[in-house]
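Fold and contact review
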Amino acid sequence: MPSEPRTVLFRADASPALGIGHAMRCLTLAGELAGRGWSCRLACAAGTRAAARALENWPGEVIELPPGRETDPAALLEMPAPHWLVVDHYGLDAAYERALAAWAGRILVIDDLADRPHECDLLLDQTVGRQASDYDGRVGSATLALAGPRFALLRPGFTGADPGRELGRILVSLGGTDPADATGLALDALAKAGLGLPVDVVLGGAAPHLDSVKDRAARLVPPARVLTDVADMAGVMAACGLAVGAAGTSALERARMALPTVTVVIADNQRQVAAGLERAGAARLVALDADAIAEALADLARDDEARRRMARKACALCDGNGAARLADLMAVELRPATLADGEDLLAWRNDPLTRENSLETGQVARDGHFAWLAGVLADPQRLILVGERGEGKVGMVRFDTMGEREWRVSISVAPEARGRGLGRVLLAFAVGRIERLRGPGAMVAEIRESNAASQSIFTACGFRQSDAADGVLYFRRPPP
């Protein structure tokens, strides 16, 4: 019989005041997971579907939470427990997540503020320039923080565009709801700039100032098109050569589409994003002022090389595969090793690159390996966890007891699974697993000085170098 689908419950809201970015990020990830056979549900506040009409395409059940219980974790506990809980909400933090940790299999938090504590297995902050260390002291040492745009959740279709394309049309995209009517201000700026170019204005159908925007757009020369609830946003961006945009969720979509942008901040949570884009040379940041926007648009419209340089730098920020990468990590499961894993463990151990990076570089004989494995499996002081994704094994993590609540840790990633970030998630999930089984404790790892990949994996999981001797680095992770 076919196995039951893996389940994920998303917790996100949208509203005219909040915007639709949280919901759109979750919709992107849900679409990727649903395409892999996952069952995806969304728990949201009343009014979310009206604000974010794209949620009509949610690939599963949408559950409106009772008024007054939007931040009550007990409202979720009444639902079937998911394999993963995904929380994308500025109003929720570690207290909410902690109350759900024993109920959900694992927790992913999506954030871009780095301003409050979280208790989760994975944390994603796709802000340009964000570092995992920005969350030091805000997440536990067992949390794997994925920082920067490599894991950016871009909607399907954002596969890139020609950074050398002609100016053509101008895009105005300042949020799905735009409660402050920054879109109207941008249209005033375009009128001041007098560029005489066709303009596309994108807004959500529930935007409170939509009628006013349409009136302003009609007065531009030539009149601007106002597009609502656009299904093919990538196509709209590809047809434009310059944009006025907010530093919200769509900023990285414009970057991927090599679209030079005059960026403005329309909410406090966008300041870090906007600053990162400008530092990367991927946008020009200006004040939310019609004269400032008009001047920047005029400068870029007449400087073809500046636009192309900005477009190339923007396109290099992310490749549009972040949702697939994140789904790959979420699919990893751990289980105790058995003798049936012996052949794979032996093949990984005798792989040339593994041997080169091992403390003992000799080839391991088959008979000796299986005798060693049988002994490890029978020893309650040792544990091997095998990582699987789908139908295939991706690696293993081994714990050897050194003393009371102290373990030596080693990791091996299957050769065919290397280069995908799986080593970090294997180690992070394994550390969380052993701490749940045996309580918190100290962990040490011995890594060759030349093995930069393992050093990066252990550092990402909260280990820090404590000593070095004879070409071996000693990494230590204190008890949480």
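No experiment lies behind these values; they were computed from the predicted model shown.

1. Focus: the overall build of the protein
Along the backbone of the protein there are 17 helices and 20 strands. Since a compact globule built from 480 residues should have a radius of gyration of about 23 Å, the 25 Å found for the protein is in line with a globular shape. For the C-alpha atoms alone, the extent of the protein along its principal axes is close to 80 × 50 × 40 Å. Here the contacts in the protein between residues at least 6 apart in sequence split such that 62% fall between residues at least 24 apart. For the protein, the accessible surface area stands at approximately 19,900 Å², while carbon and sulfur atoms represent 50% of it. Where the 54 positive side-chain charges of the protein centre and where its 62 negative ones centre are 2 Å apart.

2. Let's talk about the pattern of salt bridges
In total, this model carries 41 salt bridges according to the counting rule given. Of the charged contacts, one joins Glu 446 and Arg 408 as a salt bridge, the two residues approaching to 3.3 Å between their closest N and O atoms. Taken as a pair, Glu 446 in strand S18 (residues 442-448) and Arg 408 in strand S17 (residues 406-413) lie far apart in primary sequence, 38 residues in all. Glu 446 gets classed as partly exposed once you look at its relative accessible area, which sits at 30%. For Arg 408, a relative accessible area of 32% translates into the label partly exposed. If you follow the salt bridges from partner to partner, you end up with Arg 335, Asp 341, Asp 344, Glu 388 and Lys 393 in one network.

3. A word on the packing of aromatic side chains
On inspection of all chains with the given rule, the structure shows three aromatic pairs. Ring plane angle 85° and centroid distance 5.2 Å describe the contact between Phe 10 and Trp 58, whose orientation is recorded as edge-to-face. Of this pair, Phe 10 sits in strand S1 (residues 7-11) while Trp 58 sits in the loop between helix H2 (48-51) and strand S3 (62-64), and the two are 48 residues apart along the sequence. Of the two residues examined, Phe 10 and Trp 58, each falls in the buried class. Ring geometry for Trp 84 versus Phe 429: centroids 5.9 Å apart, planes at 50°, classification tilted. Of this pair, Trp 84 sits in strand S4 (residues 84-87) while Phe 429 sits in helix H16 (residues 422-438), and the two are 345 residues apart along the sequence. In this arrangement the basic side chain of Arg 106 is found over the ring face of Phe 429, its NZ or CZ atom lying 3.8 Å from the centre. Positioned over the ring face of Phe 151 is Arg 150, at 5.9 Å from the centre of the ring.

What counts and how
Residues numbered from 1 in each chain as written. Predicted model: local features only at pLDDT ≥ 70, side-chain atom pairs only at ≥ 80, totals over all residues. Heavy atoms only, no water. Helix = DSSP H or I, 4+ residues; strand = E, 2+ residues; numbered from the N terminus. Rg over C-alpha atoms; globule rule 2.2 N^0.38 Å. Contact = heavy atoms within 4.5 Å. Areas by Shrake-Rupley, 256 points an atom, 1.4 Å probe, with all protein chains shown as cover. Lys, Arg positive; Asp, Glu negative; His and termini not counted. Charge placed at Lys NZ, Arg CZ, Asp CG, Glu CD. Salt bridge = Lys/Arg side-chain N within 4 Å of Asp/Glu carboxyl O. Buried < 20%, exposed > 50% of the residue type's maximum accessible area, 1.4 Å probe, protein only. Phe/Tyr/Trp six-rings, centres within 6.5 Å; stacked < 30°, edge-to-face > 60°. Lys NZ or Arg CZ within 6 Å of the ring centre and 35° of its normal.

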